[in-house]
Amino acid sequence: MAQNPEELFLEKIEDEIKIEPRDWMPEAYRKTLIRQISQHAHSEIIGMLPEGNWITRAPTLKRKAILLAKVQDEAGHGLYLYAATETLGVSRESTVADLLSGKAKYSSIFNYPTLTWADMGAIGWLVDGAAILNQVMLCRTSYGPYARANIRICKEESFHQRQGFEILLTLSRGTEIQRAMCQDAINRWWWPSLMMFGPKDSESTHSDQSTKWKIKRQSNDELRQRFVDMIAEQVKVLNMQLPDPDLKWNEERRSYDFGEINWEEFWNVVKGNGPCNKERLEARRKAHTDGAWVRDAALAHAEKQKNKQRAA
Amino acid sequence: MLNHVNIFYYGDIPDAGGSASENNKNNFAEVNWPLWEVFIRSKQGLDHKHVGSLHAADAAMAIENARDVYTRRMEGVSIWVVRSEDIHASNPDESGMLYEPANDKVYRHPTFYNIPDSITHM
Ligand SMILES: [Fe+2]
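So, how was this worked out
Residues numbered from 1 in each chain as written. Chains lettered and ligands numbered in written order. Predicted model: local features only at pLDDT ≥ 70, side-chain atom pairs only at ≥ 80, totals over all residues. Heavy atoms only, no water. Helix = DSSP H or I, 4+ residues; strand = E, 2+ residues; numbered from the N terminus. Buried < 20%, exposed > 50% of the residue type's maximum accessible area, 1.4 Å probe, protein only. Contact = heavy atoms within 4.5 Å. Rg over C-alpha atoms; globule rule 2.2 N^0.38 Å. Areas by Shrake-Rupley, 256 points an atom, 1.4 Å probe, with all protein chains shown as cover. Donors = N, O, S within 2.8 Å, 3.2 Å for Na, K, Ca; no water. Pairing = 2+ DSSP bridges. Axes fitted to C-alpha atoms, helices over the stretch in contact; angles between N-to-C directions. Patch = residues over 30% accessible without salt bridge, like charges linked within 9 Å, V, L, I, M, F, W, Y side chains within 5 Å. Salt bridge = Lys/Arg side-chain N within 4 Å of Asp/Glu carboxyl O. Lys, Arg positive; Asp, Glu negative; His and termini not counted. Charge placed at Lys NZ, Arg CZ, Asp CG, Glu CD. Parallel < 35°, antiparallel > 145°, perpendicular 65-115°, else oblique. Left-handed = near helix turned anticlockwise from the far one by under 90°. Nonpolar A, V, L, I, M, F, W, Y, C, P; charged D, E, K, R; others polar. Core = buried A, V, L, I, M, F, W, Y, C linked by side-chain atoms within 4.5 Å.

Enquirer: Would you mind going over the overall build of chain B in detail, with residue names and values included?
Expert: For chain B, the helix and strand inventory stands at three helices and three strands. Buried positions account for 26% of the 122 residues belonging to chain B. Considering only contacts in chain B between residues 6 or more positions apart, those separated by 24 or more positions represent 43%.

Structure follows, in structure tokens:
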């Protein structure tokens with residue numbers, strides 16, 4: 001009759017009942033979630049930097065307003081996710097400290113530079129496009145607060161992808177130089193976008209606990225394939241090419257075959273040797289240090305108000 | 001350690017070769033603003049609903065931050081904020097006991113009663 005908490009937990013997972021913060025959960029489940037959700041949060045926050053780079057240089061006021069709104073959304077996504085991490089019993093300060101110290105990871109895609117305006121289009125279309133596939137899946141993840149954060153994120157994310165595609169569409173219908181800029185951005189962002197889905201499924205030698213716990217519901221390769229199939233069609237509308245000579249429709253699989261990812265580059269960027277790893281962390285540290293007086297002043301002000309109220 | 005979780009996902013980036021050392025972590029740890037729970041009324045006539053949490057130095061800042069974080073697309077017409085530490089919650093481990101009194105009182109539901117089909121408006 002009396003079940004042990006672990007059995008109860010697994011039964012809930014089996015029955016698609018969400019796990020909520022105060023429910024009993026295995027320590028490894030909690031740790032996996034803390035790691036995954038905080039990395040996701042850091043990715044949103046660091047992800048603001050490559051795009052923030054172009055806010056002052058957007059070609060029109062309309063594009064500037066759109067980009068500003070998009071970057072603000074990313075800050076919001078980071079905050080939803082940090083809040084979800086906190087429900088697992090780690091403080092915001094320690095999570096942020098892990099990012100700033102370089103201990104915590106974030107998505108490697110943001111360690112690539114944004115060289116031209118077309119990169120704003122390629123990021124929205126490809127990078128947000130890849131992120132959406134992942135986040136749509138995570139709307140059904142087994143941990144309640146993480147699922148709810150992803151639902152909120154997904155509602156906002158589709159504008160991000162559409163504005164990116166529209167930037168590229170406009171360029172693709174422009175002058176020769178604009179078309180070349182569009183193709184160049186696609187060339188540079190295509191492979192890193194494929195890497196966003198992580199190592200191949202075959203790289204995993206151990207049992208996949210994340211899937212058993214329903215934190216994750218589709219494999220890296222499944223999501224990556226879906227992404228390729230989607231983008232390979234959409235790129236035709238742009239009249240552009242994906243930089244992969246092996247990309248080919250496979251009638252038998254009803255899917256696109258594609259070339260081998262440069263895994264050496266992948267691991268290199270993960271290990272901190274990407275083009276912008278240092279710059280990104282420096283920027284976050286500077287923002288944190290420069291903002292210290294604001295945080296202190298706000299606390300001091302709140303304290304003063306409280307004392308005034310008490311005295312009155 | 002988590003050595004049985006070996007597969008890496010997007011949003012779950014391998015830890016290989018981090019550039020940090022444990023001791024430089026402490027440079028960034030500091031006391032921060034308290035945590036607040038946010039409740040939003042999405043339109044007149046509906047209840048306030050819990051939407052998430054955030055950090056702020058005081059209530060006024062919590063409301064302003066809630067506006068920026070949770071209502072960027074007109075999701076609300078009214079915001080409540082409550083210090084998280086002021087929320088008292090039932091214990092999920094005791095939920096069996098807590099809700100037990102309601103468990104055997106099916107007669108509280110209208111479907112418990114057999115009424116002839118010919119009776120309408122009841
Ligand atoms: Fe985002």
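That was the structure; now back to the text.
Enquirer: Pulling in residues and values, what's your account of the overall build of chain A?
Expert: The helix and strand inventory of chain A stands at 13 helices and two strands. Its C-alpha atoms give chain A a radius of gyration of 22 Å, within 12% of the compact-globule value 20 Å for 312 residues. Seen through its principal axes, chain A has C-alpha atoms that stretch 70 × 55 × 35 Å. Every one of the 312 residues in chain A was classed for burial, and the buried ones make up 54%. Intrachain contacts of chain A at a sequence separation of at least 6 include 77% that bridge at least 24 residues. A total of about 14600 Å² of accessible surface is found on chain A, and carbon and sulfur atoms cover 55% of it.

Enquirer: Can you lay out the coordination of the iron ion for me, pointing to particular residues and giving the numbers?
Expert: All names here are of chain A. At this site the iron ion is bound by Glu44 (OE), Glu74 (OE) and His77 (ND1), with donor distances of 2.0 to 2.4 Å. As a motif over one chain, the donors of the iron ion read E-x29-E-x2-H. With glutamate 74 and histidine 77 both in helix 4 (residues 61-86), this residue pair falls three residues apart, about one helical turn.

Enquirer: Can you tell me about the sheet that holds strand 3 (residues 78-83) of chain B, naming the residues and giving the values?
Expert: All names here are of chain B. Read from one edge of the open sheet, three strands run 2-1-3, paired in antiparallel fashion. Either end of the sheet is taken by a strand with one partner, and the two such strands are strand 2 (48-55) and strand 3. Sheet twist, expressed as the mean angle between neighbouring strand axes with direction ignored, is 30 degrees. When strand 1 (residues 35-41) meets strand 3, the two strands line up antiparallel, connected through six bridges.

Enquirer: Please provide a residue-by-residue account of a negative patch on the surface, values included.
Expert: There is a patch of like negative charges on the surface, built from Glu6, Glu7, Glu11, Glu14 and Asp15 of chain A. Assignment of secondary structure puts glutamate 14 of chain A in helix 1 (residues 5-14).

Enquirer: With reference to specific residues and values, describe the packing of helix 2 (residues 27-46) of chain A against helix 4 of chain A.
Expert: All names here are of chain A. Their axes nearest at 8 Å, the elements helix 2 and helix 4 cross at an angle of 160 degrees. Taken as axis vectors, helix 2 and helix 4 run roughly antiparallel relative to one another. Between helix 2 and helix 4 lies a crossing whose hand is left-handed. Facing Ile34, Ile37, Ser38, His40, Ala41, His42, Glu44 and Ile45 of helix 2, the residues of helix 4 in contact are Glu74, Ala75, His77, Gly78, Leu81, Tyr82, Ala84 and Thr85. A per-class count over the contact of helix 2 with helix 4 returns eight nonpolar, six polar and two charged.

Enquirer: Account for the environment of proline 50 of chain A, naming residues and giving values.
Expert: Residues and elements named next belong to chain A. Looking at the secondary structure, you find proline 50 in helix 3 (residues 48-52). According to the relative accessible area criterion, proline 50 is buried, its value standing at 1%. For proline 50 and asparagine 111, which are 61 residues apart along the polypeptide, the C-alpha to C-alpha distance reads 8.4 Å. Excluding its chain neighbours within four sequence positions, the residues that come into contact with proline 50 are Phe110, Thr114, Met120, Ile123 and Arg280.

Enquirer: Explain the pairing of strand 2 of chain B to me, using residue names and the numbers behind them.
Expert: Two faces, one strand: in a regular strand the side chains alternate between the faces of the sheet. Residues and elements named next belong to chain B. Relative to strand 2, strand 1 is paired through seven bridges, and the arrangement is antiparallel. When the sheet's bridge partners are listed, leucine 35 is paired in strand 2 with histidine 55. The turn linking strand 1 back onto strand 2 is made up of six residues, and glycine 45 within it adopts a positive phi angle of 100 degrees.

Enquirer: How would you sum up the pattern of salt bridges? Please name residues and give values.
Expert: Residue and element names in this part refer to chain A. Applying the stated criterion across every chain yields a total of 29 salt bridges over all chains. Close ionic contact of aspartate 257 with arginine 253 constitutes a salt bridge, the shortest N to O distance being 2.8 Å. Under the relative-accessibility criterion, arginine 253 is labelled partly exposed at 41%. Connected via shared salt-bridge partners are Glu51, Lys70, Glu74 and Asp128.

Enquirer: Account for the nonpolar core, with residues named and values stated.
Expert: Residue and element names in this part refer to chain A. Core analysis: the biggest nonpolar cluster contains 88 residues, and Tyr29, Trp125, Tyr143, Trp189 and Phe227 have the highest contact counts within it. Top element by residues in this core is helix 6 (residues 118-138). It accounts for twelve residues. Those residues in contact with tyrosine 29 that lie beyond four places of it in its chain are Phe9, Ile19, Ser142, Tyr143, Trp213 and Ile215.

Enquirer: Quick one: what's the story with the environment of glycine 144 of chain A, residue by residue and with numbers?
Expert: Residues and elements named next belong to chain A. One can find glycine 144 in helix 7 (residues 144-172). The spacing of glycine 144 and glutamate 20 is 124 residues in sequence and 5.4 Å in space, taken between C-alpha atoms. Excluding residues that lie within four positions of it along the chain, glycine 144 makes contacts with Lys18, Ile19 and Glu20.

Enquirer: Explain the packing of helix 7 of chain A against helix 8 (residues 176-195) of chain A to me, using residue names and the numbers behind them.
Expert: Residue and element names in this part refer to chain A. For the pair helix 7 and helix 8, interaxial distance at closest approach is 7 Å and the crossing angle is 140 degrees. By the angle between their directions, the pair helix 7 and helix 8 is classed as oblique. Of helix 8, the residues touching helix 7 (which contributes Leu168, Leu171 and Ser172) are Gln178, Arg179, Met181, Cys182 and Ile186. A breakdown of the residues in the contact of helix 7 with helix 8 according to their chemical character gives five nonpolar, two polar and one charged.

Enquirer: Which residues make up the environment of tryptophan 33 of chain B, and what are the values?
Expert: Considering the arrangement of structural elements, one finds tryptophan 33 of chain B in the loop between helix 1 (22-25) and strand 1. For tryptophan 33 of chain B, a relative accessible area of 15% gives the class buried. As a C-alpha pair, tryptophan 33 of chain B and arginine 72 of chain B span 39 residues in sequence and 22 Å in three-dimensional space. Not counting the four nearest positions on each side in its chain, tryptophan 33 of chain B is found in contact with Val294, Arg295, Ala298 and Leu299 of chain A together with His55, Ala56, Ala57 and Met61 of chain B.

These results come straight from atomic positions and should not be treated as a statement about function.
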